[in-house]
Amino acid sequence: MEGTTHALTDDHRDLYDAADTERWAAEPDKRPGRTAFQRDRARVLHSAALRRLAGKTQVVTPGSRSYDWDASPRTRLTHSLECAQVGRELGAALGCDPDLVEAACLSHDMGHPPFGHNGEEALNEFAKDCGGFEGNAQSLRLLTRLEPKRFVPDPVSGEPVSVGLNLTRACLDAATKYPWARGDHPTDPASVKFGAYEDDLPVFEWLRRGAPADRKCFEAQVMDWADDVAYSVHDFEDGLHAGHLDPNMLFAEPERAAIWQVAIGRYVPADTAPEELRAALDRLMEQEWWPHGYDGSAVAQSRLKDATSQLIGRFCLAAEGATREAYGSGRLTRYGAELVIPRAARNECAVLKAVADLYVIQRDEQERIRADQRIVLAELAEALSARAPEGLDPQFRAIFDAAQDDKARKRAVIDQIACLTDASARSLHARLTRRGRRAER
């Protein structure tokens, strides 16, 4: 990699230095006056990987329809756009470069495979002998290797080698939710969450150069909270839109006990007392804007939209206020501060996640769909492996052919599957397998 400097606005000149705006491969500015982070945001926004998120599951499969009314469910793309809006405004309020935070938010889910977290689990099982699969590690791989944008000559062979979108160091760091490799989790080595595969460690170590071990930069913390806020609030909203959730059920103690059971250990620490979560839900339900019913009418839709806006503002203002109280009124960037999220706000956000999990994700119908999705990806992985390299798309066939061992060749197959949308995964599965062809008939 080579150092290069880029123009920064006067407001940010003293906040981000040349190391922050360095790219793996040096390249000239196309137009003077643009900041490095404006270029990063534009590259992410115009990428094919971002467009593909329109066809990937967030919670409800894209193109599905509720029996009660059209739920118009979020996709990974709409979630990423909403996360970016939340993160950009929160980051700007705290002094971050807004284009940097927005680029991180837009790209944070790019590596997620078809069928959401269910697909992630299926690919992790297939990849257990070649380093596993993790959506965030796949995002780094995509941003720095797979998404075609910039090529440089290989120092040995002279052949062109992709460096992905060639984003700045600070942007890649801001998009890294789990800043450690597989098995290097700071408190839980067995954790399935990690940010880099073994063969992506050179670029990972470059982007983390000088960073405190295992610590997320401030912009990544803003991205992470924006992600939590966006999906907790909007999954709750989608559950109401689709008719899966009656908010009046949240008054009943049996339902509440089930919510606490889902939340504790998954969305809040295992030692969290149910009373804390009860108080969190009560605080939300006592607000005048809380949706106590939903019938799909225009009035109900308007009230629900106001509730989502109120919730997002509540969670962001809580973090902004607590962070300002701890660090003062200056501009906060990189490793100069930690985002402070009050425990009460975390618990309220976690309760919403648990409600959506219980009433939307854990429905019997959804579990049947997820079981079928896992079979589709498992069979597709085996079918593609058996046909490789001829059965792979040209981009991934080249990666397969250049691979040095079986693990790297298997990773090329996984890379292709991870880039598929829900629909294209099913289509390719139908083309390559007997089961798929029978299902299509």
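What you see is a predicted model, and the numbers here were worked out from it, not measured in a lab. (Residues numbered from 1 in each chain as written. Predicted model: local features only at pLDDT ≥ 70, side-chain atom pairs only at ≥ 80, totals over all residues. Heavy atoms only, no water.)

**Q** So what exactly am I meant to see when it comes to the overall build of the chain here?
**A** Per the secondary structure count, the chain includes 18 helices and two strands. Computed over its C-alpha atoms, the radius of gyration of the chain comes to 22 Å, within 12% of the 22 Å expected for a compact globule of 441 residues. With 441 residues in all, the chain has 54% of them scored as buried. Sequence-distant contacts in the chain: of pairs separated by 6 or more residues, those separated by 24 or more amount to 71%. Accessible area for the chain stands at about 19,400 Å²; split by element, carbon and sulfur atoms hold 51% of it. Across the chain, 58 positive and 71 negative side-chain charges occur, with their mean positions spaced 5 Å apart. (Helix = DSSP H or I, 4+ residues; strand = E, 2+ residues; numbered from the N terminus. Rg over C-alpha atoms; globule rule 2.2 N^0.38 Å. Buried < 20%, exposed > 50% of the residue type's maximum accessible area, 1.4 Å probe, protein only. Contact = heavy atoms within 4.5 Å. Areas by Shrake-Rupley, 256 points an atom, 1.4 Å probe, with all protein chains shown as cover. Lys, Arg positive; Asp, Glu negative; His and termini not counted. Charge placed at Lys NZ, Arg CZ, Asp CG, Glu CD.)

**Q** What's the story with the nonpolar core in this structure? I'm lost.
**A** Grouped burial of nonpolar side chains is what soluble globular proteins tend to show. Of all hydrophobic cores here, the largest spans 119 residues; its most connected members are W225, L250 and L380. Counting residues per element, this core draws most heavily on helix α9 (residues 218-241), at eleven residues. Beyond its immediate sequence surroundings of up to four residues, L250 is in contact with L245, R256, I259, L281, M285, W290, V355 and Y359. (Core = buried A, V, L, I, M, F, W, Y, C linked by side-chain atoms within 4.5 Å.)

**Q** How do you make sense of the environment of G296 when you look at a structure like this?
**A** Structurally, the position occupied by G296 is in the loop between α11 (274-285) and α12 (298-327). Exposure remark for G296: the relative accessible area of 25% places this residue in the partly exposed category. For the pair formed by G296 and L240, sequence separation is 56 residues and the distance between their alpha carbons is 8.8 Å.

**Q** Before we go on, may I ask you to explain the state of the cysteines in this structure?
**A** The term disulfide refers to a covalent linkage connecting the sulfur atoms of a pair of cysteines. The final tally for this structure, using the stated rule, is zero disulfides. Here C83 is not cross-linked by a disulfide; its sulfur's nearest cysteine counterpart is in C105, at 3.8 Å. Distance from the sulfur of C316, which forms no disulfide, to the nearest cysteine sulfur (C349) is 9.7 Å. With relative accessibility at 12%, the residue C316 sits in the buried group. (Disulfide = S-S within 2.5 Å.)

**Q** When you look at the packing of aromatic side chains in this model, what are you seeing that I'm missing?
**A** Two numbers describe a pair of aromatic rings. These are the distance of the centres and the angle of the planes. Scanning the entire structure with this criterion turns up six aromatic pairs. Between the aromatic rings of Y16 and F37, the centroid separation amounts to 5.1 Å while the plane-to-plane angle is 80°, which identifies the pairing as edge-to-face. With Y16 in the segment before α1 (36-45) and F37 in helix α1, this residue pair connects regions lying 21 residues apart in the sequence. Accessibility assignment for this pair places Y16 and F37 in one class, buried. In this arrangement the basic side chain of K410 is found over the ring face of F126, its NZ or CZ atom lying 4.3 Å from the centre. (Phe/Tyr/Trp six-rings, centres within 6.5 Å; stacked < 30°, edge-to-face > 60°. Lys NZ or Arg CZ within 6 Å of the ring centre and 35° of its normal.)

**Q** Looking at this structure, I do not really get the domain arrangement of the chain. What am I missing?
**A** When the parts come together, some accessible area is lost, and that loss is often what is quoted as the size of the interface. What the domain assignment lists for the chain is domain 1 (36-208), domain 2 (218-365) and domain 3 (371-435). Centre-to-centre separation of domain 2 and domain 3, based on C-alpha positions: 37 Å. (Domains from an automatic or database assignment.)

**Q** Looking at this structure, I do not really get the UniProt feature "domain: HD" (unreviewed entry) in the chain. What am I missing?
**A** The residues that UniProt annotates with the feature "domain: HD" (unreviewed entry) are residues 76-232. Taken end to end, residues 76-232 has its terminal C-alpha atoms 14 Å apart, with 51% of it in helix and 4% in strand. (UniProt positions renumbered as here; feature names shortened; annotations may be inferred.)

**Q** Would you mind going over the packing of helix α10 (residues 253-263) against α11 with me for this structure?
**A** Packed helices, taken two at a time, are described by their axes: the angle between them and the distance between them. Relative to each other, α10 and α11 sit at 115°, their axes nearing to 10 Å. Remark: the crossing between α10 and α11 carries right-handed chirality. Every residue of α11 that contacts α10 at E253, R256, W260 and A263 is listed here: P274, L277, R278, L281, D282 and M285. Grouping the amino acids of the contact of α10 with α11 by side-chain chemistry returns six nonpolar, no polar and four charged. (Axes fitted to C-alpha atoms, helices over the stretch in contact; angles between N-to-C directions. Left-handed = near helix turned anticlockwise from the far one by under 90°. Nonpolar A, V, L, I, M, F, W, Y, C, P; charged D, E, K, R; others polar.)

**Q** Explain the pattern of salt bridges to me, please; I cannot follow it from the model alone.
**A** Any two side chains of opposite charge can pair, given that their charged atoms come close. Considering all chains together, one arrives at 41 salt bridges under this definition. Across the pair R150 and E27 runs a salt bridge, and its minimum N-O distance is 3.8 Å. Residue R150 is located in the loop between α6 (135-146) and β1 (151-153), and its partner E27 is located in the segment before α1; the two are separated by 123 residues in the primary sequence. For R150, a relative accessible area of 28% translates into the label partly exposed. Judged by relative accessible area, E27 falls into the buried class, the value being 6%. Between D372 and R426 there is a salt bridge; the shortest N-O distance is 2.9 Å. Taken together, the residues span a long stretch of sequence, with D372 in helix α14 (residues 364-387) and R426 in helix α17 (residues 422-432) at a distance of 54 residues. (Salt bridge = Lys/Arg side-chain N within 4 Å of Asp/Glu carboxyl O.)

**Q** Sorry, what's going on with the packing of helix α3 (residues 76-94) against α9 here?
**A** Contact geometry for α3 and α9: axes closest at 8 Å, N-to-C directions at 135°. Judged by the angle between their axes, α3 and α9 are oblique. Considering only the axes of α3 and α9, their crossing is right-handed. In this structure, α3 uses H79, E82, C83, V86, G87, L90, G91 and L94 to contact α9, whose residues at the interface are F218, V222, M223, W225, A226, D227, A230, Y231 and H234. (Parallel < 35°, antiparallel > 145°, perpendicular 65-115°, else oblique.)

**Q** I tried to follow the environment of P160 on my own but got confused; where do I start?
**A** Relative to the helices and strands, P160 resides in strand β2 (residues 160-162). Of the residues examined, P160 reaches a relative accessible area of 57% and is grouped as exposed. Spatially, the C-alpha atoms of P160 and L384 are 26 Å apart, while their sequence positions differ by 224 residues. Non-local contacts of P160, meaning those with residues more than four positions away in its chain, are made with F151, V152 and P153.

**Q** Just checking my understanding: could you explain α14 for this structure?
**A** Every α-helical turn comprises 3.6 residues, leaving residues that sit three or four positions apart pointing alike. A rise of 1.5 Å per residue sets the reference length of α14, with its 24 residues, at 34 Å; its end C-alpha atoms lie 35 Å apart and thus fit the reference within 8%. When we look at burial in α14, the residues that qualify are Q366, R370, Q373, V376, L377, L380, A381, A383 and L384. (Expected span 1.5 Å × (residues − 1).)

**Q** It is not clear to me how unusual backbone geometry should be interpreted in this structure. Could you clarify?
**A** Negative phi values dominate among residues other than glycine, just as trans dominates among peptide bonds. In this structure, P389 follows A388 across a cis peptide bond, with omega equal to 5°. Phi is positive for F115, which is not a glycine, with a value near 70°. A positive phi is found at N166, a non-glycine position, where the angle reads about 55°. Along the polypeptide, N166 turns up in the loop between β2 and α7 (169-174).

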